[in-house]
Amino acid sequence: MKKMTRNTFLMMATLTFIVSCTQAPQSLKIASNTWIGYEPIYAAKELTLTDVPLELHRKANATDVMDMFEKKQVDAACLTLDEAILLIEKGVPTYFAAILDISNGADQLVVQPNIKMLSDLKGKKIAVETTAVGMLLLHGVLAKAQLLSTDISIVTSTVDQHYGLMKNNEVSAAITFPPFSDRLKSLDATTLYDSSQMKKAPIIDVLVVSEDAYKNKKPQLKKLLKAIYLATDLLESKDEKIVEFIGKNLMLEQSSWSTMTDGVDLTNEQLNNTYIHRYKLEATMRILDDVMLSNNMIKNSIKDKITSDMFLRL
């Protein structure tokens, strides 16, 4: 066998380097339901704002998203913080890559025209997706109305089922959010309570990632986060292309496109750093843990499961 010369070695090393540099980055599989705070991820793919291949799974409701994440069918999931806490309680390895948004009025109690005050809900049926976010908003409603949970009847249903239930007069109210709330309002339903009134335990949307993604896909997640910031900037500056894309994704009438971010504080680098880098997310989780525990939304506190390495500093 001939000896490898220095030139031959350098040539092979160079070729290896070129091949490694031109290899496509690993894909990220992400699941979400339909919500304005998650749409920048879809826009990042549509507008090619990142070179990371994205395999996006849009599900009808949060329950299905949590199920995909728990079964390790995706690398990441878009969830509310309380839904992430439910996964942690179940022992599902869950890591936090980003804050996606904070609901500031978008999550709502929408009621039939005959319901004029929150106290009118006594004895009525309310459609609720019994993941934690629905129950949290319901807790706020009952507290303000000075009603007990036994004073109303919960109709357990996913958010995509609420329109049919209200149209058929099977419920008097529903816990919902855009674009589903817009469909309900086409039935002359109105909003009596929303998430802007939830100061103690705000509704926060997060991007959670699996243990495998946490260990092996940080470069892709970092690129994705930059693309999310860019998409959010474009959306808030009313870029026509992204507004049209997201408006159609949310199945909104064109007249509603200009207001589709109302009631939501979308992510940006400063907001994300405040929550992830400065441990505000951890502090919020501890407050939320108390609220969920006291309202039987979880059976066991997760405080002893919260560790600093759960929060990715990308």
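As a convention, each chain's residues are numbered from 1 in the sequence order in which they are written. Side-chain atom pairs in this predicted model are given and counted only at pLDDT of 80 or more, local residue features only at pLDDT of at least 70, and totals for whole chains, interfaces and linings cover all residues. With hydrogens and water stripped out, all remaining heavy atoms of the structure feed into the side-chain values.

K.L.:
Can you tell me about the side chain of S32, naming the residues and giving the values?
P.N.:
Each helix corresponds to a stretch of at least 4 residues labelled H or I by DSSP, and each strand to a stretch of at least 2 residues labelled E; elements are numbered beginning at the N terminus. Within the fold, S32 resides in strand β1 (residues 28–32). We classify S32 as buried; its relative accessible area is 1%. Throughout this description, a polar contact denotes any pair of N or O atoms lying within 3.5 Å of each other; where both atoms belong to protein, one of them has to be capable of donating a hydrogen while the other can accept it, and for residues adjacent in sequence the pair is counted only when both atoms sit in side chains. Here Y42 takes part through its side chain, which lies 2.9 Å from a polar atom of the side chain of S32. A contact between two residues is defined here by any heavy atoms of the two lying within 4.5 Å. Apart from the residues within four sequence positions on either side, S32 is in contact with Y38, Y42, H57, R58, K59, V65 and C78. Throughout this description, buried means an accessible area under 20% of the type-specific maximum (1.4 Å probe, protein chains only), exposed means over 50%, and partly exposed covers the range between.

K.L.:
Break down the sheet that holds strand β3 (residues 76–80) for me, citing the residues and quoting the values.
P.N.:
Taking strand neighbours across the sheet as the criterion, the six strands line up as β2-β1-β3-β10-β4-β11 in an open arrangement whose pairing is mixed. Single-partner strands in this sheet number two, and they are β2 (54–58) and β11 (264–266). Each strand of the sheet is rotated relative to its neighbour by a mean of 25°, with strand direction disregarded. Only strands that DSSP links by at least two bridges are regarded as paired with each other. Relative to strand β10 (residues 204–209), β3 is paired through five bridges, and the arrangement is antiparallel. The partner of A76 across the bridge, within β10, is V209. Lines fitted to C-alpha atoms define the axes, with helix axes restricted to the stretch in contact, and inter-axis angles between N-to-C directions lie between 0 and 180 degrees. Helix α2 (residues 39–46) rests against β1, β2, β3 and β10 of the sheet, and its axis sits at about 140° to β2.

K.L.:
I'd like a rundown of the nonpolar core, residues and numbers included.
P.N.:
Residues F96, L109, L121, I126, V206, L281 and M285 are the most contacted members of the largest nonpolar core, which totals 56 residues. No other element matches the seven residues that helix α5 (residues 132–145) contributes to this core. Those residues in contact with L109 that lie beyond four places of it in its chain are L118, L121, I126, L137, V141, A173, A174, I175, T190, T191, L192 and Y193. In this structure, Y38, A76, C78 and V159 belong to the second largest nonpolar core, which totals 44 residues. Residues belong to one nonpolar core when they are buried, are Ala, Val, Leu, Ile, Met, Phe, Trp, Tyr or Cys, and are joined through side-chain atoms within 4.5 Å.

K.L.:
Residues and numbers for the sheet that holds strand β5 (residues 108–111), please.
P.N.:
If you trace the five strands from one edge of the open sheet to the other, you get β7-β6-β8-β5-β9, paired in mixed fashion. Only two strands of the sheet have a single partner each, and these edge strands are β7 (153–156) and β9 (190–194). For this sheet, the mean angle separating the axes of adjacent strands, direction not counted, is 30°. The sheet contact formed by strand β6 (residues 125–128) and strand β8 (residues 173–176) spans two bridges and is parallel. The partner of I126 across the bridge, within β8, is A173.

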